[in-house]
Amino acid sequence: MEIIISYIIPILGFVLIAVCANQIAKLFGRIDLPLITGLLATGIIAGPYVLEFVDTTGVSKLKFIKDIALASIAFAAGAELYLKEFRSRLPSVSKNSFVQLFVIFGVGAFLVFQVMNFTDLFAELSRSQKIAVSILAGTIFVARSPSSAIAVINELRAKGPFTQTVLGVIVVIDVLVIVLFTITVALAKNLETGIGFQYSLLLILAMELLVSVGLGYVMSLILTKLLSVRLTSEFKSVLVIAIGWSAYLISYVVEDYSFLYLGKKLYLEPLLICIVASLIVSNSSKTRLEFLKIIKETSGYIYIGLFTVVGLSLSIDVLLNSWYFALIFFIVRIVSVFIGSYSGGIVAKDPVSFRNYGWVAHMTQAGVALGLTARLTEGIGPWGAGLSTILIAVIVLNDVIGPPLFKWALVKIGEGKKAATTLTFDGVKDAIIFGLENQSIALANQLRENGWEVIIATKKKDFTEYNVGDLDVRHFDEISEEELQKVEIKKADALVCLLTDYENYRICELALEKIGIKKFVVRLSDRNNLERFHQIGAKIVDPSTAIVSLLDHFVRSPLATSILLGMEEGQDSMDIEVKNSELHGLALRDLRLPTEVIVLSIRRGGQMLISHGYTRLRKGDIITLVGSKESLEEVSLKFE
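Criteria and thresholds
- Here the residue index of a chain counts from 1 through its sequence in written order.
- Per-residue local features of the predicted model are confined to residues with pLDDT of at least 70, and side-chain atom pairs are confined, for both listing and counting, to 80 or more; whole-chain, interface and lining totals are unaffected and use all residues.
- Side-chain metrics in this entry use all non-hydrogen atoms of the structure; hydrogen atoms and water are not considered.
- Per the convention used, a helix needs a DSSP run of H or I reaching at least four residues, while a strand needs a run of E reaching at least two, with both numbered from the N terminus.
- When accessible area is computed with a 1.4 Å probe and restricted to protein chains, residues below 20% of their type maximum are described as buried, those above 50% as exposed, and intermediate ones as partly exposed.
- Working rule for contacts: check all heavy atoms of both residues, and any pair within 4.5 Å makes them a contact.
- Here a Phe, Tyr or Trp ring, Trp counted by its six-membered ring, pairs with any other such ring whose centre lies within 6.5 Å, and the pair is stacked when the planes are under 30 degrees apart, edge-to-face when over 60, and tilted otherwise.
- For a ring to carry a charge above it, either NZ of a lysine or CZ of an arginine must fall within 6 Å of the ring centroid while also lying within 35 degrees of the normal to the ring plane.
- Fitted lines through C-alpha atoms serve as axes, helices being fitted only where they are in contact, and the angles separating the N-to-C directions of these axes extend from 0 to 180 degrees.
- Roughly parallel means an angle under 35 degrees; roughly antiparallel, over 145; roughly perpendicular, 65 to 115; everything else is oblique.
- Think of it as three bins: nonpolar holds Ala, Val, Leu, Ile, Met, Phe, Trp, Tyr, Cys and Pro, charged holds Asp, Glu, Lys and Arg, and polar takes everything else, Gly as well.
- Cysteine sulfurs are considered disulfide-paired once they come within 2.5 Å of each other.
- A helix is expected to span 1.5 Å for every residue after the first.
- Contacts described as polar in this section are N or O atom pairs within 3.5 Å, which, within protein, must combine one atom able to donate a hydrogen with one able to accept it, while residues neighboring in sequence count only if both atoms come from side chains.
- Residues are called lining when one of their atoms sits within 4 Å of a cavity or pocket point, these points coming from a 1 Å grid over the protein atoms alone, where a cavity is a set in which a 1.4 Å probe fits but cannot get out and a pocket is an open set with protein on both sides within 12 Å along at least five of seven lines.
- Grid points are joined across faces, edges and corners, and a volume is the space filled by probe spheres set on the points.
- A clockwise path from the first strand over the helix to the second, with the strands pointing away from the viewer, defines a right-handed crossover.
- Two strands form a pair only when DSSP identifies at least two bridges running between them.

**Student:** Would you take a moment to explain the overall build of the chain for this structure?
**Tutor:** For the chain, the count of helices and strands is 24 helices and 10 strands. The buried share of the chain, reckoned over its 640 residues, is 50%. Pairs at least 24 residues apart make up 73% of the contacts formed inside the chain by residues separated by at least 6 positions.

**Student:** Would you mind showing me how to read the packing of aromatic side chains here?
**Tutor:** Aromatic rings considered in pairs are described by the distance between their centres and by the relative angle of their planes. Counting across every chain of the model gives 11 aromatic pairs. Summarising the aromatic geometry, the rings of Phe141 and Phe329 are spaced 6.3 Å apart at their centres and angled 90° between planes, so their arrangement reads as edge-to-face. Placement of the pair is Phe141 in helix H6 (residues 127-142) and Phe329 in helix H14 (residues 323-347), with a sequence separation of 188 residues. Residue Phe141 is classed as buried on the basis of its relative accessible area, which comes to 1%. An angle of 80° between the planes, with centres 6.0 Å apart, marks the rings of Phe338 and Trp359 as edge-to-face. Of this pair, Phe338 sits in helix H14 while Trp359 sits in helix H15 (residues 352-361); the two residues are 21 residues apart in sequence, bridging distant segments of the chain. Overall, Phe338 belongs to the partly exposed group, its relative accessible area being 38%. Given the relative accessible area of 21%, Trp359 is considered partly exposed. Members of the aromatic cluster, joined through ring pairs, are Phe338, Tyr342 and Trp359. For Arg532, the ring lying beneath its charged end belongs to Tyr505, and the centroid distance is 3.9 Å.

**Student:** Sorry, what's going on with the packing of helix H11 (residues 270-284) against helix H12 (residues 288-313) here?
**Tutor:** Between two packed helices, both the angle of their axes relative to each other and the distance between the axes serve to describe the pair. Orientation of H11 relative to H12, taken along the N-to-C sense of each, is 130°, at an axis distance of 7 Å. By the criterion of interaxial angle, the relationship of H11 to H12 is oblique. Here H11 contributes Ser278, Val281 and Ser282 to the contact with H12, which in turn contributes Arg288, Phe291 and Leu292. Grouping the amino acids of the contact of H11 with H12 by side-chain chemistry returns three nonpolar, two polar and one charged.

**Student:** Is there a simple way to think about the state of the cysteines in this case?
**Tutor:** Disulfide: a covalent bond connecting the sulfur atoms of a pair of cysteines. Per the stated rule, a full pass over the model turns up zero disulfides. We note that Cys508 lacks a disulfide partner, and the nearest cysteine sulfur, in Cys497, lies 4.0 Å from it. Among the residues examined, Cys508 registers a relative accessible area of 0% and is labelled buried.

**Student:** What should I look at first to understand the side chain of Thr624 in this one?
**Tutor:** As for its position among the elements, Thr624 is in strand E10 (residues 622-628). Exposure remark for Thr624: the relative accessible area of 17% places this residue in the buried category. Setting aside residues up to four positions removed in sequence, Thr624 forms contacts with Met574, Asp575, Ile598, Val599, Leu600 and Ser601.

**Student:** Which parts of the structure should I look at to understand H11?
**Tutor:** Taking 1.5 Å per residue, 15 residues should reach 21 Å; H11 reaches 21 Å between its end C-alpha atoms and fits that length. Capping the start of H11, Glu269 holds a side-chain oxygen 3.1 Å from the backbone nitrogen of Leu271, two or three residues further along.

**Student:** Even after reading the chapter, I still don't get empty space enclosed by the protein, so can you show me in this structure?
**Tutor:** Rolled over the atoms, a probe as big as a water molecule pinpoints where empty space is left. Tallying each qualifying case throughout the model produces four cavities of 30 Å³ or more. Of the pockets and cavities examined, the largest cavity occupies roughly 110 Å³. As for the largest cavity, its lining consists of 13 residues, and the residues nearest its centre are Asn96, Ser341, Asp350, Phe354 and Gly358. Listing elements by their share of the lining of the largest cavity, those giving two or more residues are helix H5 (90-118), helix H8 (161-193), H14 and H15. In terms of residue count, the dominant contributor to the lining of the largest cavity is H8 (four residues).

**Student:** Hey, could you run me through the side chain of Ser278 in this one?
**Tutor:** Mapped onto the elements, Ser278 comes out in helix H11. The exposure class of Ser278 is buried, given its relative accessible area of 0%. In this view, Ser278 contacts Ala74, Phe75, Gly78, Ala79 and Phe291; residues no more than four positions away in its chain are not counted.

**Student:** How should the environment of Phe291 be read in this particular structure?
**Tutor:** Structurally, Phe291 can be placed in helix H12. Sequence-wise, Phe291 and Ala79 are 212 residues apart; in three dimensions their C-alpha atoms are separated by 8.6 Å. When neighbours within four sequence positions are excluded, Phe291 is seen to be in contact with Phe75, Ala79, Leu223, Leu227, Val240, Ser278, Val281 and Ser282.

**Student:** What am I meant to see in the pairing of strand E1 (residues 430-434) here?
**Tutor:** Within a regular beta strand, the side chains point alternately toward one face of the sheet and then the other, so they alternate between its two faces. The buried fraction of E1 amounts to five of the five residues, a majority that puts the element mostly inside the structure. Because side chains alternate across E1, one face comprises the buried residues Asp430, Ile432 and Phe434, and the other comprises Ala431 and Ile433, equally buried. For the handedness criterion, the β-α-β arrangement of E1, helix H18 (residues 438-449) and strand E2 (residues 453-458) is classed as right-handed. Note: E1 against strand E4 (residues 494-497), four bridges, orientation parallel. Each bridged residue has a counterpart across the sheet, and for Phe434 the counterpart in E4 is Cys497.

In structure tokens form, the structure reads like this:
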């Protein structure tokens with residue numbers, strides 16, 4: 001009973017600290033500092049070296065939380081590597097990834113070793129131990145942050161070969177670095193003993209890697225079977241996390257029993273086991289969408305748990321005494337990343353601009369880097385905790401400067417939203433409504449709420465009888481190409497015509513023939529003109545039948561109708577044109593869409609297709625989707 005209580009008290013204390021850390025981290029976000037900084041800072045303050053809400057004994061009993069979080073982070077890293085999305089950029093991505101992996105690791109380890117020789121950093125260590133420190137630091141320098149990169153790309157709505165290559169390299173390297181970490185940890189532990197290098201070590205290491213990969217495959221089968229069973233989403237999430245944690249439990253058992261019966265400890269790498277399982281489930285399992293959903297929904301809690309525990313275990317005195325070493329390591333990583341990125345660009349024959357700005361995109365570090373660094377406190381040696389503290393400070397610095405630098409690089413390359421102001425398309429949907437009346441004002445306000453820029457064009461010169469507020473209302477004298485330029489019709493993505501049928505048809509005709517706009521919505525006055533508008537591809541709203549039709553659909557299918565009309569809170573529908581050449585030829589079943597997004601229809605060449613999982617997309621297809629507004633925004637970026 002005493003043993004149980006000794007664990008319950010630290011766990012309850014940790015829960016309270018984690019809740020506070022989450023709120024404090026949000027305050028850090030408001031001043032443009034990364035959330036990781038707030039979580040770590042809260043952990044440090046609440047830890048055994050400041051306020052002592054949790055003592056060192058209590059922190060050691062929270063190790064299982066760190067293990068659970070690391071397994072989930074490995075799942076997330078493997079899930080990001082979806083091979084079908086990188087197929088066209090695969091040669092460039094693979095060359096860049098492997099060159100960067102070896103160059104950054106080599107240059108980083110070499111420079112760290114030189115720094116230790118010319119300063120008093122770890123002066124008490126032997127040459128073998130300094131080599132161990134160097135190769136571990138070089139490994140951590142390689143790690144990236146896919147989640148931070150994706151957040152920046154989504155924020156700027158960046159799209160293009162540079163963005164695709166950078167994201168591909170970041171994701172691939174975060175998989176490769178776990179394999180590299182497995183190797184360097186084994187070498188470091190061997191060097192720590194002072195035995196030196198032995199060829200038998202390579203054989204043992206190869207066996208450990210093969211067994212880890214094999215266990216990863218077995219875990220993927222278990223995950224696939226679990227996800228195919230009918231259980232509640234919450235229960236499945238708990239089981240998935242537990243399965244990931246089991247990799248650590250298996251590793252500890254193998255380590256203890258191998259030493260007991262063989263006289264030598266065998267180290268299986270739990271991160272490698274989990275990442276192999278995630279890769280297989282994400283790329284070749286029918287349950288991958290549900291797996292991705294679970295990873296996404298639990299990631300927030302996982303990161304809070306990991307970063308808070310790491311903050312609790314950080315030694316504040318070591319951090320204060322070694323801040324200048326952290327700065328040195330930070331500079332060493334910048335040099336290593338620059339050389340590695342530029343070398344990778346040369347080997348992959350990327351454009352010069354990609355080589356010049358590519359290194360900036362690889363600065364950010366977070367989950368995987370922090371997870372690997374946290375492992376350095378386990379069985380490496382007494383110097384492991386000090387090295388871990390210094391590297392965590394380096395990661396925080398990289399997480400602070402990395403995202404702004406990445407945004408700057410995307411803008412300089414011309415693939416970020418800010419650079420689009422000089423292009424024809426400014427990244428914003430524009431609509432022009434012809435006709436000033438209460439309905440057009442209401443429509444304009446609703447479109448603006450959904451992110452559209454709206455202009456109301458009217459022949460009326462006096463707007464005072466209408467409550468137009470801050471709407472952009474412009475006057476034009478007649479329907480001619482010259483007059484329509486006054487309302488900036490050339491930048492319009494859609495026209496809404498609420499005038500007479502003759503005026504509406506003339507506007508649509510001019511827009512179609514002279515400007516090339518093809519998206520018209522017309523309010524019809526006389527059904528005899530219906531065919532004329534159909535011939536130019538206009539979408540027609542007939543007031544005489546619209547209400548009856550709407551009521552009919554509400555009776556027969558109330559939920560679908562309310563979603564399509566935007567009446568369900570948080571739900572919406574969207575038509576998206578497939579412009580991304582990466583998706584050309586990809587089957588719907590292979591798309592990684594959020595689970596709440598549904599494909600309603602596909603229109604190709606004016607024909608509506610009956611779509612199913614094996615329907616292959618074509619560039620120029622118009623896809624109608626229904627889902628949450630946040631998910632639809634995410635999907636629209638993928639298709640554009």
